[in-house]
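Remarks on the overall topology
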Amino acid sequence: MTRKMVTIDGNEAAAYIAHKTNEICAIYPITPSSNMGEHADAFSAQGRKNIWGTVPTVEEMQSEGGAAGAVHGALQTGALTTTFTASQGLLLMIPNMYKIAGELTSTVFHVSARSLAAQALSIFGDHSDVMSTRSTGWGMLAANSVQEVMDSALIAQATTLQARVPFIHFFDGFRTSHEVMKIEQLSDDDIKAMIDDEWVIAHRSRGMNPNSPVLRGTAQNPDVYFQGRETVNPYYEAAPEIVQKTMDRFAKIVGRQYHLFDYVGAEDADRVIIIMGSGAETVEETVNHMIAQGEKVGMLKVRLFRPFSIKHFISALPASVKQIAVLDRTKEPGGAGEPMYQDVVTAFSEAALEDYYQFEGTPRIIGGRYGLSSKEFTPAMIKAIYDELLKDKPKNHFTIGINDDVSHTSLDYDPEYRTDKGDVFRGLFYGLGADGTVGANKNSIKIIGEGTENYAQGHFVYDSKKSGSTTTSHLRFGKGKIQSTYLIEKANFIACHQYELLEQFDILDKAEDGATFLLNSHLSKDEIWGDLSRKYQKQIVDKKLKFYVIDAVTVAKETGMGMRINTIMQTCFFAISGILSKEESIAKIKGAIKKTYGNKGEAIVEKNFHAVDQSVANLFQVDVPSTLNGSDATRLIVPEAAPEFVQKVTAEIIAGRGDDIPVSGMPIDGTWPTATTQWEKRNIALEVPVWEPDVCIQCNKCALVCPHAAIRPKVADADAFKDSPETLKHIGAKGKGWEGDDPQYILQVAVEDCTGCNVCVEVCPARDKSNLSRKAINMAPQRPLRDAERVNWDFFTELPEIDRAAVKHETVKGAQLLQPLFEFSGACVGCGETPYVKLTSQLFGDRMVIANATGCSSIYGGNLPTTPWATNKAGRGPTWNNSLFEDNAEFGLGYRLTIDKHKEHAAEMMGLLKDDIGAELVDAITNASQSNEPEIFEQRARVKQMTDIVEKLDTPLAKQLLSVADNLVKKSVWIMGGDGWAYDIGYGGLDHVLASGKNVNVLVLDTEVYSNTGGQKSKATPMGAVAKFAAGGKPSGKKDLGMMAMSYKNVYVASVAMGSNDAQTVRAFMEAEAYEGPSLIIAYSQCIAHGIDMAKGMDQQKLAVDSAYWTLYRYNPMLAAEGKNPLKLDSKPPKKHVREYALNETRFTILSRIDPELSEHYMEASDKAAKEKYEYYAKLAAISYDED
Amino acid sequence: MRLSTKYMGLELKNPLVPSASPLTEKLDKIKVLEDNGASAVVLFSLFEEQIEQADSNLEHFMDYGTDSYAESLSFFPKAHEFMSGPEDYIENVAKIKAGVDIPIIASLNGATPGGWMEYAKKLEAAGADGLELNIHYLPVDFNETSADVEKRYTDIVSWVKDNVNIPVSVKIGPRFSSLPAVAKALEGVGADALVMFNRFYHPDIDLENLETKRQIQLSQARDIRLPMRWISILRGNVHMSFAASGGVHSAHDVLKLTMAGADVTMLTSALMTQGPELIKKIEEDLIVWMDENEYKSLEQMKGSMSLIHSPSPKTLVRDNYMRTLLDFQANNKF
């Protein structure tokens, strides 16, 4: 029987089987498993049925804890139920997992294994998460490749129904989960043949049913709990054999034979590596290579890790083994060793007493750690481990792949060692996220994988920024199966899709001799050589590269493709890579275009065809001269002025050499310096704003809305502008008390940090009266401005900051003259969240303590290499931490508890030291009002005065006081996060914290969707919007979080949208901070997940408010205390239909393309709901609180 | 049958044809028009821009930001095959065709010869009885001559006529150096009817926000004089059907235009303001007027006041201009 070959990734392979073999999927998004749930949802939305003929229900929950609960309930009532998760999500499921196993319930959870947040969060792959569940009583089955994911998913499902032991089926996150591979797809017949209906019916019959009532979930006492726990033993004893039988049945049906432990290698091997997961593929590749060179090595793949069958394990190893290295992809600090190492040691120790033990004595067993957080694991490293095993005393508890110069655990390896086969195409493609390189490569893999006999593998690496991010695609094609689960180390094809990237990376360092190099450049084949740096010229000549250029940007423009160069570069790749003949490849590309765009009209297809033809016509091979005449100049990664840590560590990460940083270079406890984005000059904007002082009205709205703090005003004495750079622009400041030429106003753009989003130009209200197309800021190409503006920016940063007491913080103009302490983040171009975040830093930054929920804001706020949270001249600035996704409100409340406790304690100790400090000062400090910034600054001075005195005392009490004295100065606690946190996963905690009455400020950056994980619906998602898990438009309306908080009466609540009313936004932030209890600000934040032109984000905010889609209000309990109505409605009566807002957003317009009538229904219903909500708020705001 | 007319080969029970507007977008509204007596409808236009960009917009925003950051490789569900704008339109045409008995005339609106013209074939395949090509072009290129502009029109019409078998009308604007020559040229490339005229919506300036703003201006009854004049000039000299469009509000308007030479009179603004029942009313009023004035059929009066039949042809040409001004001066003595 021939099966369909498909090129898919591991997540899709798992989702495919899970969807075929379940009735219910209760899920919650978490990287890198989200796609599994999304695939399942998409399958159901397409009406795909499971093997029993019904379309599975996919239910998105509010957290993984909730998903696990729903799964447990569905299982207990007899449905075949599954979920998909990873990392912290899996941890949240652990309590239910104990229950599910304790109740001997059949289910499989599919896990794309990922690191756990410890000293830092990481979204990448290792086994930390699954290893944390090994005591839950679940079976654990590992898949090492995409094909194995599909196979094991089915084996796990078939096993659990027979064995009644629940299973975790796992594979490596961001390797197997995201690696696109050509695999054989199991058919419905295969799946049906693997699962007997009687098992399914038995599972259902165990479900709870009032017709035959039972009770589960009893509370048991010391008398019986223990015995009850032991009842399950026979099931665990039987499970391994059931798995093996199921694997044998699978082999009969499908042909691929698996074992609980699969040995590969020499029959007489003396050295063996034991490993689980994707790394096993690379070990196998290396073993085969080493055996071919005469070495006696072998490897054991652990597939069934739980229940761990010692007998099967021991029997799988050849008796010749003398030295064993057990590799764990996790770390258990303080343990006797990592989990699998311990199991292996235990296994040998136990088996030695059994008659099946085939060894003479005990082999030497060492354990090692590798591959944490997707750290590369290569043949060179594996060779080093085998070499280590040759030693008399090999290093135990070693690490491989890093340089541990602190505990000296790491093994050295020879990075030049390779197992590459000559007949495998190995291509590296460097591009930008925005240019479609990855999409084109995924398409190429499909073309080659599904259209030819070749095996195909694609792996994609993204950088840590959301704007201007670079991507690297690793593509392998070959006649044989591809087992290389590591990045390409030597490529025979390299494509650079963006000329600027030549400067950023060494694009050719991985080129092997004779490789082909394709470069997209604006320069012709005759001009290009002279423009290349010497570094590249030398590599091209020395490695004898075949060098091609294409001006893809021009071809794209001329063929009507706009900025999309992906089709053009893809065509060039096919034309010169030699994988297929030129004619065949062009025919196949055109076939793919027809498939993609066929339903979108002839015009688009024709346009793409034309682009393909023009690509070939404009692709030229460069005659490589032998003269090296390029420049030697290299760009500094960070300026010389950067601090030492930034030079030594941060710069290395920026340069892509983070893998080389030794353990000693890393902070020991996850503590990193702030204010480092300023050193990373990314130069990603093609165009930047240019200021026209004569037109400018100095309103500072541009600075307010700038997502990256890249356009900033300052007002300084005219004297300060002496010796200013030649091109620096400044003009007399306008404002109360400012007249004439002193002081001067300057609006400076950080052109190297700007992302070119255009939001500032869009909001600029000032126009040249004689030429209305000229605003006070206008976009212009960045490159010609770069050098001059770099100098201007440096001068600008040295200009003195304004006296904070001299400006009105509660106005937009005033607030924007305050220094932002959040700058140049990696947030998306045109991000709607960061302007609010930046505003808080301007108003309260020097005393802010921030708790940040996991999500976009924790990524642009805390993803290495650089951190946007900054410091002022005095060194003060926000201090920031991210605990988890679900606990952020509680985490922030903890800050407040500390501050209050330490303040109280400090006051107590001051009291005891009153005689030394002076009663007057103690009283002044204790009784100080700190309701505004000048008062806080005064208090800061008083506390300084006090600590100066106390420092001289040198007594234990004095030391105690000094350690907490700073808390006498008011601190501003901010709890920030997105709607996924505030409305869903963290809502319970948020609710509790608001109810606590404690003085914390909560900022909800409401994008109305899970932005960071890619657009899944949340309870903030509005009615009718299409999101993941709401593919047909969300049927229910958005939760009114503000109204819920207001019900407590003592919570300050504001709903803001700066694009509609910026003054109200600034006032709300000031009031929230001033309020001595809990405050909640819900901030409308546009997002690329809305599918809008991000430059127009602020216009959308305005439309949102004008249509009453979004309501502006402030609820201030202080007013109630004064006998006034606490609610102030800041929105004007609606004057537009919600449609006028919504139809600018793809999230709404998609639905009109799927189901126009439903879309129309939602539009009308949303408009009605919006107007009703407005009326309701208007009535509440109109209630008289006056007792008369 | 007294009101029946023949328009580009289509036998119509009366000359009252709602032209392309939001009223002719969906089946339910068209049914109401049919029930009120419309003899045919011109469907809401499919625009060149919609065809060329239809999905590039949706696609752009659905693709935007994808494959850039590891956690969010996409932002929208992949569950559906989206109907593109044009496909949606085509499907709608088929639905309308199946739902009404009167002839339906599809409308394609464009100005540049290109791929969008392919849709003429798809509209025919979807069941359209006729096709109206609405060529709406505003020249702003200072090197483009009037001959170049006219060639656009003939190129488009000629291609479409070569590729479809249903009758094709051309809706044009009134501003040509020589409208009769243009009409002749269009006749030469096979146009079956001329629809006169297109309305150009001229943008206004918003003094508060200092922006140009779009505004729909509905026609008024006096607007019929422009098509009336030109139809009467062309009638009998070029051999195509004529549709008068712009300003038809009453039976009197229909009578005048028919006398000038129109085969059908198209309605939009009046229907928008007075509702679809207006068709019925006009129909009744026509009969009353014809009875009172002893006309047997509409056909009898068609073209009776055209330039070649007019009892006072001078008033239709330059003489009219001079006399109008002189009369005006005579009546306005300050």
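Everything below is about the structure printed above this text.
Given the structure is predicted, the values throughout are model-derived calculations rather than measurements.

**Points about the sheet that holds strand β14 (residues 364–370) of chain A**
What holds strands together in a sheet is hydrogen bonding between their backbones, with the strands either parallel or antiparallel. Residue and element names in this part refer to chain A. Within the open sheet, the six strands sit side by side as β9-β11-β10-β13-β14-β15. Their pairing is mixed. In the strand order of this sheet, the two ends are held by β9 (261–265) and β15 (398–400), each with one partner. Adjacent strand axes in the sheet meet at a mean angle of 25 degrees when their direction is disregarded. As judged from the six bridges shared by strand β13 (residues 323–328) and β14, these two strands associate in the parallel manner. Looking at β14, one finds that I324 is bridged to I365. Along the sheet, helix α11 (residues 279–292) contacts β9, β10 (271–275), β11 (297–302), β13 and β14; its crossing angle with β11, the most-contacted strand, is approximately 160 degrees.

**Structural notes on the interface of chain A and chain B**
With 43 residues of chain A at the contact, the number on the chain B side is 34 residues. The set of elements that each furnish at least two residues to the side of chain A that touches chain B consists of α2 (34–45), α15 (437–451), α22 (602–617) and α42 (1146–1154) of chain A. In terms of residues, the side of chain A that touches chain B owes the most to one element, α42(A), which gives five residues. The residue inventory of the side of chain A that touches chain B, partitioned by class, reads 18 nonpolar, 16 polar and nine charged.

**Digging into the packing of helix α3 (residues 64–76) of chain A against helix α4 (residues 87–102) of chain A**
Each pair of packed helices gets described by two things: the angle between the helix axes and the distance between those axes. All names here are of chain A. It is the contact of α3 with α4, at a shortest axis distance of 7 Å, that shows an interaxial angle of 25 degrees. Comparing their axes, α4 and α3 come out roughly parallel. In the packing of α3 onto α4, the handedness of the crossing is right-handed. Residues E64, G65, A68, G69, H72 and L75 of α3 form the contact with α4, whose participating residues are G89, L92, M93, N96, M97, K99 and I100. When its residues are assigned to classes, the contact of α3 with α4 shows six nonpolar, five polar and two charged.

**Quick word on the nonpolar core**
One recurring pattern in soluble globular proteins is that nonpolar side chains are buried together. Within the largest apolar cluster, 401 residues are counted, with the highest numbers of intra-cluster contacts made by A:I274, A:I494, A:F517, A:I1081, B:L194 and B:A244. Counting residues per element, this core draws most heavily on helix α6 (residues 146–163) of chain A, at 10 residues. Not counting residues within four places of it along the chain, the set of residues in contact with B:L194 comprises B:S169, B:V170, B:I172, B:A183, B:L186, B:M240 and B:F242. A:I917, A:A965, A:L968 and A:V969 belong to the second largest nonpolar core, which has 15 residues in total.

**Comments concerning the pairing of strand β8 (residues 168–172) of chain B**
On any regular strand, side chains alternate: one points to one face of the sheet, the next to the other face. Residues and elements named next belong to chain B. The buried fraction of β8 amounts to five of the five residues, a majority that puts the element mostly inside the structure. Burial along β8 is two-sided: the face carrying V168, V170 and I172 and the face carrying S169 and K171 are both buried. Bridge count for strand β7 (residues 130–135) against β8 is four bridges, and the pairing is parallel. Within β8, the position partnered with N134 by the bridge is K171. Pairing analysis gives four bridges linking β8 to strand β9 (residues 193–196), with the strands arranged parallel. The residue of β9 that forms the bridge with S169 is A193.

**A short note on the environment of A:G137**
Residues and elements named next belong to chain A. The residue G137 is located in the loop between α5 (128–131) and β6 (139–142) in this model. Residue G137 is classed as buried on the basis of its 21 C-beta neighbours within 10 Å. Those residues in contact with G137 that lie beyond four places of it in its chain are Y98, A101 and G102.

**A few points about the packing of helix α28 (residues 834–844) of chain A against helix α38 (residues 1062–1074) of chain A**
Residue and element names in this part refer to chain A. Where α28 meets α38, the axes come as close as 11 Å, and the angle between the chain directions of the two elements is 55 degrees. Judged by the angle between their axes, α28 and α38 are oblique. Viewed along their axes, α28 and α38 form a crossing whose handedness is right-handed. Every residue of α38 that contacts α28 at L839, T840, L843 and F844 is listed here: V1066, F1069, M1070 and E1073.

Quick notes on the rules
- Residues numbered from 1 in each chain as written.
- Chains lettered and ligands numbered in written order.
- Predicted model: local features only at pLDDT ≥ 70, side-chain atom pairs only at ≥ 80, totals over all residues.
- Pairing = 2+ DSSP bridges.
- Helix = DSSP H or I, 4+ residues; strand = E, 2+ residues; numbered from the N terminus.
- Axes fitted to C-alpha atoms, helices over the stretch in contact; angles between N-to-C directions.
- Contact = placed C-beta atoms within 7 Å.
- Nonpolar A, V, L, I, M, F, W, Y, C, P; charged D, E, K, R; others polar.
- Parallel < 35°, antiparallel > 145°, perpendicular 65-115°, else oblique.
- Left-handed = near helix turned anticlockwise from the far one by under 90°.
- Core = buried A, V, L, I, M, F, W, Y, C linked by C-beta atoms within 7 Å.
- Buried ≥ 20, exposed ≤ 12 C-beta atoms within 10 Å, placed from the backbone.

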